[in-house]
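# Structural overview for review
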Amino acid sequence: MKTRLGMSVTAPFIATLSLRAAVIIAAVCIVLTWVPLRAQERTIKIIVLGDTLIENKGVPAFQRFPEQLEMALRAKGQSVAVVNAGLVTDTAARSLRRLDRVVTNDTDAVILVLGGNDMLWGIDPNVVRGALAEILSKLEARGIAVLLCGLRTQSKFGDEYKNTFAAMFSGLASDHNVLFYPAFDDAFVDNAQLKALDGLHPNAAGNEAVVTRILPTVET
């Protein structure tokens with residue numbers, strides 16, 4: 001191609017088109033590589049903060065509640081990591097003391113399963129409520145979603161003690177406007193086949209039963 005001055009523009013024209021094509025191809029390649037990486041890099045982190053019911057030493061690690069919950073969520077297409085932050089000797093007050101260390105800044109949500117040891121050892125319900133309330137306030141201030149789990153209450157300390165604990169969990173959930181699951185242990189507490197030999201803790205099948213029941217609430 002020649003202009004009126006007789007100069008050829010074919011080479012520059014082709015070079016320009018080639019450059020534009022190269023830029024477009026490069027941009028498409030960047031997008032195609034960026035999109036899947038972007039989709040894969042965001043994993044929801046859930047920490048299960050609890051006591052002996054969560055640490056559950058008598059059960060192989062992969063069969064404990066947090067691990068089974070993660071498998072169930074992943075089977076439904078959720079990109080999650082569920083961390084077992086149970087400690088066999090923990091009370092609500094002890095979990096409060098380790099809260100900031102255990103619940104790291106990359107945490108998206110916390111499932112609280114506390115109070116079992118407190119009830120077993122006859123700790124003052126007001127002390128338990130105060131510790132749980134402070135945990136909930138701290139997590140709320142950090143913008144971390146919470147699922148608070150209640151428990152079937154122990155009755156060996158009398159009906160008044162039992163009723164106080166029963167009302168405490170639901171009251172805290174209402175006061176702090178968090179998701180509430182009324183009884184974490186309800187799935188196994190009355191079924192010997194779902195409990196360990198000590199009669200207090202879930203076995204692998206018991207944990208599976210808990211996961212089946214609580215899964216819709218966790219997804220919420």
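For the structure given in this document, a descriptive report is provided here. Worth saying up front: this structure is predicted, and the values here are computed from it rather than measured. (Residues numbered from 1 in each chain as written. Predicted model: local features only at pLDDT ≥ 70, side-chain atom pairs only at ≥ 80, totals over all residues. Heavy atoms only, no water.)

## Some points on the overall build of the protein chain
Keep this limit in mind: Here a strand is any run of E in DSSP of at least two residues, a helix any run of H or I of at least four, and the numbering for each starts at the N terminus. Residue exposure (1.4 Å probe, protein chains only): buried if accessible area is under 20% of the type maximum, exposed if over 50%, otherwise partly exposed. Residue contacts follow a heavy-atom distance rule, with two residues in contact if any of their heavy atoms lie within 4.5 Å.
Check the secondary structure of the protein chain and you find eight helices and five strands. Going residue by residue from the N terminus, the α and β elements of the protein chain occur as α-β-α-α-β-α-β-α-α-β-α-β-α. Looking at the protein chain as a whole, 40% of its 220 residues qualify as buried. Looking at the protein chain alone, contacts between residues at least 24 apart form 76% of all its contacts between residues at least 6 apart.

## Focus: the pairing of strand β4 (residues 145–149)
Note the cut-off: Strand pairing is assigned whenever DSSP identifies at least 2 bridges connecting the two strands.
Burial analysis of β4 places four of its five residues in the buried class, the great majority of the element. One ladder, built from four bridges, connects strand β3 (residues 109–113) with β4; its direction is parallel. Counted as the bridge partner of Val 110 is Val 146 from β4. Here β4 pairs with strand β5 (residues 179–181) via three bridges, running parallel. Among the inter-strand pairings, Leu 148 is bridged to a residue of β5, identified as Phe 180.

## Things to note about the environment of Asn 117
Along the chain, Asn 117 turns up in helix α5 (residues 116–120). Since its relative accessible area comes to 4%, Asn 117 is described here as buried. Residues Asn 117 and Gly 50, spaced 67 residues apart in sequence, show a C-alpha to C-alpha distance of 9.9 Å. Each residue touching Asn 117, except ones within four places of it in the same chain, is listed here: Asp 51, Thr 52, Val 88, Thr 89, Asp 90 and Thr 91.

## Focus: the environment of Lys 57
With respect to the helices and strands, Lys 57 occurs in the loop between α2 (52–55) and α3 (65–75). With relative accessibility at 59%, the residue Lys 57 sits in the exposed group. It is 9.7 Å that separates the C-alpha atoms of Lys 57 and Gly 86, two residues lying 29 residues apart in sequence.

## Notes on the packing of aromatic side chains
Keep this limit in mind: Each Phe, Tyr or Trp ring (for Trp, its six-membered ring) is paired with any other whose centre lies within 6.5 Å, and the angle between the two planes then decides the class: stacked below 30 degrees, edge-to-face above 60, tilted in between.
The full count for this structure, using the stated rule, is four aromatic pairs. Here the aromatic rings of Phe 65 and Phe 184 are separated by 5.0 Å at their centres, their planes lie at 85°, and the arrangement is edge-to-face. Within this pair, whereas Phe 65 is found in helix α3, its partner Phe 184 is found in the loop between β5 and α8 (204–219), the two being separated by 119 residues in sequence. Judged by its relative accessible area of 0%, Phe 184 falls in the buried class. Considering the side-chain rings of Phe 165 and Phe 169, the 6.4 Å spacing of their centres and the 45° angle between planes classify their relative orientation as tilted. Of this pair, Phe 165 and Phe 169 both sit in helix α7 (residues 159–176), four residues apart, roughly one helical turn. For Phe 165, a relative accessible area of 0% puts it in the buried group.

## Quick word on the packing of α3 against α8
Applied cut-off: To get an axis, fit a line to the C-alpha atoms, keeping to the stretch in contact for a helix; angles then go from 0 to 180 degrees between the N-to-C directions. Roughly parallel means an angle under 35 degrees; roughly antiparallel, over 145; roughly perpendicular, 65 to 115; everything else is oblique. It is the rotation of the near helix from the far one that decides the hand of a crossing: anticlockwise by less than a right angle makes it left-handed, clockwise makes it right-handed.
Interaxial distance between α3 and α8 falls to 9 Å at its minimum, and their mutual angle equals 55°. Here α3 is positioned oblique relative to α8, judged by the angle of their axes. Crossing of α3 over α8 shows right-handed handedness. Listed contacts from α8 to Phe 65, Gln 68, Leu 69, Ala 72 and Leu 73 of α3 are Ala 204, Asn 207, Glu 208, Val 210, Val 211, Ile 214, Leu 215, Val 218 and Glu 219.

## Some remarks on α3
Every α-helix winds through 3.6 residues per turn, so residues three or four apart in the chain are directed the same way. Heads up, the rule is: Within this analysis, the arc is defined by the directions that extend from the helix axis to the C-beta atoms.
Within α3, the full set of buried residues consists of Phe 65, Pro 66, Gln 68, Leu 69, Ala 72 and Leu 73. What you see down the axis of α3 is that its buried residues fit within an arc of 165°, all on one side. Contact partners of the buried residues in α3: β1 (44–50), α2, β2 (80–86), β3 and α8. Where α3 terminates, the next one or two residues include Gly 77, which has phi positive at roughly 90°.

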